[in-house]
Amino acid sequence: MENTLNVPITFNENIVRKQLWKYFYYSWKKKLPTILRNLCYTLLILFIFDSLIGNKSRYDFLRFAFIFSGVVCIFYLIYFFYQKANHSIKLDKHIDELKGYHPITELYFDEDSILIKSEQFDVRSIWKKVTYEVYNKIILIHIELGTVFTFLVSEEETNQYTEILEFLKSKTKSKDK
């Protein structure tokens, strides 16, 4: 007998809102090391050029590097809060749109594939194109469709959370952090 799992998920505005905010912070948390690495590379390149070309003292360079780092940090803080405000507006529009559709989304897991079925979309994929992550009791199911489609399943949404996680562990690989 085939191993299958059918999970109905009912739309709950508060849960979806909380999931999408957690995903926003999660994506920024994943961007932060790249931002810091780019800042360090930029400072290193500036230091090398200053050493080769500059006739100034190290104190002048360190003062410039400190000011440059401060400006970059302020820029990214402004950008973060701009993205947060933009996300909030888009989140409200998205939830208002979801309220107009049938409130149940169904997940079908079988031996060969996964199917996420709702009124807005039907997404089916074979297991080798699927990865997953667990972040703050939310399962992020990533499906490679040319671009990555991510579906979020919270422990609060369904009483089959552990079954979903076990099925994903047996059929696909966890995405490395």
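The preceding data block contains the structure.
Because the structure is a prediction, the values reported are computed rather than measured. (Residues numbered from 1 in each chain as written. Predicted model: local features only at pLDDT ≥ 70, side-chain atom pairs only at ≥ 80, totals over all residues. Heavy atoms only, no water.)

### Some words on the overall build of the protein
When helices and strands are tallied, the protein shows three helices and eight strands. From first element to last, N terminus to C terminus, the protein shows the α and β order β-α-α-β-β-β-β-β-β-α-β. For 177 residues, the compact-globule formula gives about 16 Å, and the C-alpha radius of gyration of the protein, at 22 Å, lies well above that figure. The dimensions of the protein, computed from C-alpha atoms along their principal axes, are 75 × 35 × 25 Å. Taking the intrachain contacts of the protein between residues at least 6 apart in sequence as the baseline, contacts between residues at least 24 apart amount to 60%. In the structure as shown, the protein presents an accessible area of about 11800 Å², 60% of it carried by carbon and sulfur atoms. In the protein, the 24 positive side-chain charges and the 21 negative ones have mean positions that sit 10 Å from each other. (Helix = DSSP H or I, 4+ residues; strand = E, 2+ residues; numbered from the N terminus. Rg over C-alpha atoms; globule rule 2.2 N^0.38 Å. Contact = heavy atoms within 4.5 Å. Areas by Shrake-Rupley, 256 points an atom, 1.4 Å probe, with all protein chains shown as cover. Lys, Arg positive; Asp, Glu negative; His and termini not counted. Charge placed at Lys NZ, Arg CZ, Asp CG, Glu CD.)

### Looking at the sheet that holds strand β1 (residues 5-10)
A sheet is described by the order of its strands in space; here four strands give the open sequence β1-β2-β3-β4, paired in antiparallel fashion. Only two strands of the sheet have a single neighbouring strand rather than two, namely β1 and β4 (122-126). Ignoring strand direction, the axes of neighbouring strands in this sheet form an average angle of 10°. Pairing of strand β2 (residues 104-109) with strand β3 (residues 113-117) involves four bridges; the strand directions are antiparallel. When the bridges of β3 are listed, Y108 appears paired with L115. (Pairing = 2+ DSSP bridges. Axes fitted to C-alpha atoms, helices over the stretch in contact; angles between N-to-C directions.)

### Thoughts on helix α2 (residues 58-99)
Compared with the 62 Å implied by 1.5 Å per residue over 42 residues, the 60 Å span of α2 between its first and last C-alpha is a close match. Every buried residue of α2 is accounted for by F61, A65, S69, V72, F80, L91, I95 and L98. (Expected span 1.5 Å × (residues − 1). Buried < 20%, exposed > 50% of the residue type's maximum accessible area, 1.4 Å probe, protein only.)

### Remarks on unusual backbone geometry
What you tend to see is this: most non-glycine residues have negative phi, and most peptide bonds are trans. Unusually for a residue other than glycine, N136 sits at a positive phi of about 50°. Checked against the element boundaries, N136 lands in the loop between β5 (130-135) and β6 (138-144). The class of N136 is partly exposed, set by a relative accessible area of 46%. Of note in the backbone geometry, K137 takes a positive phi value of approximately 60° without being a glycine. Along the chain, K137 falls in the loop between β5 and β6.

Interpretation note: all reported values are geometric properties and have no functional meaning in isolation.
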